Amino acid sequence: MAAAGHVRGLLRVSRGWRCGPRRARSAAACPPAGQIRQAFLRFFQEQHGHRLVPSVPVRPRGDPGLLFVNAGMNQFKPIFLGTAHPRSELAQYQRVVNSQKCVRAGGKHNDLDDVGRDVYHHTFFEMLGNWSFGDYFKEEACGMAWELLTQIYEIPKDHLYITYFGGDASLGLSPDEECRDIWLSLGVPPSHVLPFPLRENFWEMGETGPCGPCTEIHYDHVGGGRHAAALVNQDSPDVVEIWNLVFMQYSREADGSLRPLPQHHVDTGMGLERLVTVLQSKRSNYDTDLFTPILDAIHKGCGGPGYQGLVGEADVRSVNMAYRVVADHVRTLSMCIADGVYPGMSGAELVLRRILRRAVRFCSEVLHAPPGFLASLVPAVVEVLGDAYPELRKNTDQIMNVINDNEAAFLSSLLRGRRIIDRTLQQMAPSKLFPAEVAWSLYGNLGFPLDLIGLMIEEKGIQLDWAALDQLAQEDAKRKARTQQAEQLEGSSVRLDVHSLAQLQRDGVPATDDSPKYTYTLGQDGRYAFSPCQATVLMLYKDQSLQKEVGAGQRCGVLLDRTSFYAEQGGQAHDRGYLVRLGQQDVLFPVESVQLSGGYVIHEVTAPETLQAGDRVQLFVDEAQRLACMVNHTATHLLSFALHRVLGDQTEQRGSHVTAEQLRFDFSTQAPVTTQQLQEVEGVIQEVVDQNEIVYMAEVPLALASGIQGLRTMDEVYPDPVRVVSVGVPVESALMPNSQAAMQTSVELCCGTHLLQTGAVQDLTITSERQLVKGISRIIALTGEQAKQAREVGQSLAKEVDSLSARVKQGSSSLSEVQSLSKEVGYLTEVSAVSTAMPQWQRRELQAILKALQRTANTAIRKLEISQVRMQQQDLWQLCSLLKATRLFSTEWILMKVVNQLCDKSPGASVLLLSPQVSGEVLCACQVSKNALPMFSAADWALAVCTHMGGNAGGSGIVAKGTGNTKDLQGALTAALEFARSRL
């Protein structure tokens, strides 16, 4: 009791906490947001035995269908689905509490467009939550929630309304009267306990998966004894939901039916921002201390009127909306960038780019803030959230740099976009609708906001073709859906569902012993020998059910008691191979994929004959494919070490994928990787390879392994004990207290299969290095014989470039010869760009040489063309008056140059020249005197003549050029003369 009283005292801070409507308090007496957050965590941790789990990054872990972590339960999905590895820390959770960073922008839960319009929507928010995994259920969950709100936070009970699931006849679900009765037993008046249908009070993870009824707690900001039940779930700003308690007791099946879950779970979520609003006696989240320091920084930085909390028509010029947008978005940007999500061109990165550009527009267009203003607000965000999330303090400079760089890129895109819009308007045929294809291209490629395009063209009396834009958007969505569906089909495999996993556990089926995958040796001859493995078929899995037998031709998952096959995990591709029944060696069961679920390894096969539980089988792994994966996985570790060595300790792995063909490695970096650094990285790796270092591997308790200095880890859930892979240093040495051994070599936690010595890598060549988004780079590399072949390709291309360089530098007085050399430079430039199988450092060096050669060739061509113009000008001058045709000019540039010079010699003249080519094409160039504008336009003149010749033209009012195809030059000249006379 003493301990509980101590905790209560810490939480309530001598009962002067409440700042609600029954007892107004000064601002100083209101509890700060940080204290409110801590009170929640301590209440469940210290009074109800919950384990405090830190927030995961906003980038989802192992959930490609999700753009951002958008709820506290995301990191616990493997528990709900039953797929958590039985040796992982995750599988040990029973009672958990945390405050999770969440982003709702893009995807199913998208609040982006609502942010700023009201005072409670956000793209980034914190979700306070407590969970029970097969432990307590409805009664305890409701009791804890009521105790926290009414006793610890001291929220007046008459301000609270409770909703519960009112049932659904179509699903055969009765009202959740158990939940209703629990609330009534806690003393909540019947008039404050309200039933609601499926849409409001039944929570689902997705189209399929765990789900269940929920009960929500709503707060009436007005109170005062009034009856506000009619305002619950009516989008009233006076009565808002603050806490949702979900009781996961069903699983939504693929056919839409509901099946009871083998274990019941509790998943609750309460938005910190709304809770702080209640406890600080505010009516707007933006009036709490989670936002006021940021709003004050905005006002201080841009001047003008301060934030007043106005919305709708009262918010003149949308100044208050701009405050809210910028304050919300800079929080989201700061948290995402700190977690390694940078603005980019697809997925979550694209959404973040839109958030940044929306914030920049409100800064510049509404608040009239200077460039760089948005990044200057980051320290205010760190002041508010840095104590709870230290990664913000650690990465403050990086966050500001990324925001500034992306803002500059956006402003540059706006300039380019404006030029494209102006050119399009000049070239448009008479119309009131702007071309939808151009608008969509600006939006998709430059990130140019469609509404901004609309504003710019509206000034000229033109409108966006919204119907056509909607059609383009639908087509784009369909293309993306087809791509996603194809990827899902390509990656589809047999995976155990939550009911089958629970049945296996109930039946006492042990997790698969997959330790034989590590049983291989390295012989004196340098060859690897993989130990044979025999196993017993324990169960077969087909059509989402466990079966004892499958017939010939049926696709199924095979569960064995032990296996030497590597299941896809840790970024390494699964093994291939086949099974045979003992005594029946001529019938092969090819293994198409190998997956791991809840500790059970499933081998996907299409059975050529009947297969039964109890059958004994021999396992044959494709040794060549396995060895290639081992080479590339060990090489991946060496690459990670080399990048740290060359680029510095700030370099962090963001992801990797290892196959038999190549390795892919994503990492964060402060600056673009230079050509020299790429060479240095390859050199570090080659040194370790040449030394043929021993690769040590051992299973170690997770807590002990986590203490290794210099250990490189990923944001993953590791099993306990965990496998440690160390190059050149025994694991025991790396584990010694204060050991610096891991600082000088590669030491990682990894479940993959690795070489026993590094020499088998032979060579590593980085064939591609590019930035996915600013600050995140991706490397593709080859090893062994493939790396050697890539180097040979590079050397061969280098010889061609050297030869071409000598000929370009030698020069020529023949225009055709120099043009031929220029084409050769262009061809080799294209070859160097599209050839993936060559060292990236060498590709960059050759491309730099070729770029310089192209400039040299272009300069030579230009000089020879000018010389040709000068020689031909005297011959032509006496023939030129207003219109002439000639075969002397081989390029549009020369023809236009002559037109320019003729106009310079005859001020006030308008000149049009036609030049027929050997191919039959006719070049056209013209210039119109400024005195003839606007009645006489060069663009209109060239278009009329080229249209007469069956071609097209474009340009400005002063100069224009085009092409056509005609044998009737005189007719074209006549058309040109008639057009000119009609306008002059």
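Relevant structure appears above.
Residues numbered from 1 in each chain as written. Predicted model: local features only at pLDDT ≥ 70, side-chain atom pairs only at ≥ 80, totals over all residues. Heavy atoms only, no water.

Caption draft 1: Region of the structure containing the overall build of the protein. Each helix and strand in the protein was counted, giving 28 helices and 34 strands. Projected onto its principal axes, the C-alpha positions of the protein cover 110 × 85 × 60 Å. Burial status across the protein gives 52% buried among its 984 residues. The contacts of the protein with a sequence gap of at least 6 include a subset with a gap of at least 24, amounting to 71%. Both charge centroids of the protein, one from 92 positive and one from 107 negative side chains, sit 6 Å from each other. (Helix = DSSP H or I, 4+ residues; strand = E, 2+ residues; numbered from the N terminus. Buried < 20%, exposed > 50% of the residue type's maximum accessible area, 1.4 Å probe, protein only. Contact = heavy atoms within 4.5 Å. Lys, Arg positive; Asp, Glu negative; His and termini not counted. Charge placed at Lys NZ, Arg CZ, Asp CG, Glu CD.)

Caption draft 2: Representation of the side chain of S746. Structurally, the position occupied by S746 is in the loop between α22 (731-735) and β27 (747-749). With near-sequence residues (within four places) excluded, S746 lies in contact with H637, F641, R712, V725, S726 and V727.

Caption draft 3: The arrangement of the pattern of salt bridges in detail. All chains considered together, the criterion is met by 33 salt bridges. In this structure, D575 engages R626 in a salt bridge whose closest nitrogen and oxygen atoms are separated by 2.7 Å. With D575 in the loop between β17 (555-560) and β18 (577-581) and R626 in helix α19 (residues 623-647), this pair connects stretches of sequence that are 51 residues apart. Each member of the pair D575 and R626 is classed as buried. Members of the salt-bridge network, linked through shared partners, are K101, D339 and E391. (Salt bridge = Lys/Arg side-chain N within 4 Å of Asp/Glu carboxyl O.)

Caption draft 4: Just the sheet that holds strand β25 (residues 695-700), in detail. Taking strand neighbours across the sheet as the criterion, the 3 strands line up as β25-β26-β27 in an open arrangement whose pairing is antiparallel. Looking at which strands have only one partner, the edges of the open sheet turn out to be β25 and β27. In this sheet, neighbouring strand axes are inclined to one another by 20 degrees on average, regardless of whether the strands run parallel or antiparallel. Bridge count for β25 against strand β26 (residues 722-727) is 6 bridges, and the pairing is antiparallel. In the sheet register, V700 faces β26, and the bridge partner there is V722. (Pairing = 2+ DSSP bridges. Axes fitted to C-alpha atoms, helices over the stretch in contact; angles between N-to-C directions.)

Caption draft 5: Representation of the packing of aromatic side chains in the model. All told, the structure shown has 21 aromatic pairs when counted by the stated rule. Geometrically, the ring pair formed by F43 and F44 is edge-to-face, given 5.0 Å between the ring centres and 85 degrees between the ring planes. A residue is classified by how much of its surface remains accessible, and F44, at 0% relative accessible area, is buried. With a centroid separation of 5.3 Å and an interplanar angle of 50 degrees, the aromatic rings of F76 and F133 are classed as tilted. Taken together, the residues span a long stretch of sequence, with F76 in the loop between β1 (51-52) and α3 (77-81) and F133 in strand β3 (residues 124-133) at a distance of 57 residues. Of the two residues, F76 and F133, neither departs from the other in class, the shared state being buried. Members of the aromatic cluster, connected to one another through ring pairs, are F76, F80, Y93, W131 and F133. Here the guanidinium or amino end of R723 rests over the ring plane of Y518, the centre of that ring lying 3.5 Å away. (Phe/Tyr/Trp six-rings, centres within 6.5 Å; stacked < 30°, edge-to-face > 60°. Lys NZ or Arg CZ within 6 Å of the ring centre and 35° of its normal.)

Caption draft 6: Examining the sheet that holds strand β24 (residues 663-668) more closely. Pairing within the open sheet is antiparallel, and its 4 strands lie in the order β23-β24-β29-β28. With partners counted over all chains shown, the strands left at the sheet margins are β23 (652-658) and β28 (764-773), one partner each. In this sheet, neighbouring strand axes are inclined to one another by 20 degrees on average, regardless of whether the strands run parallel or antiparallel. Pairing of β28 with strand β29 (residues 776-783), which is carried by 8 bridges, proceeds in the antiparallel orientation. By the bridge assignment for β29, Q771 is matched with S777.

Caption draft 7: Representation of helix α24 (residues 815-834) within the structure. Between its terminal C-alpha atoms α24 stretches 29 Å, which fits the 28 Å expected from 20 residues at 1.5 Å a residue. Listing the buried residues of α24 in full gives L815, V818, L821, S822, V825, L828 and S832. Within α24, the buried residues cover an arc of 150 degrees as seen down the axis, which keeps them to one side. The exposed residues of α24 that point more than 90 degrees off its buried face are K823, Y827, E830 and V834. (Expected span 1.5 Å × (residues − 1). Arc of directions from axis to C-beta.)

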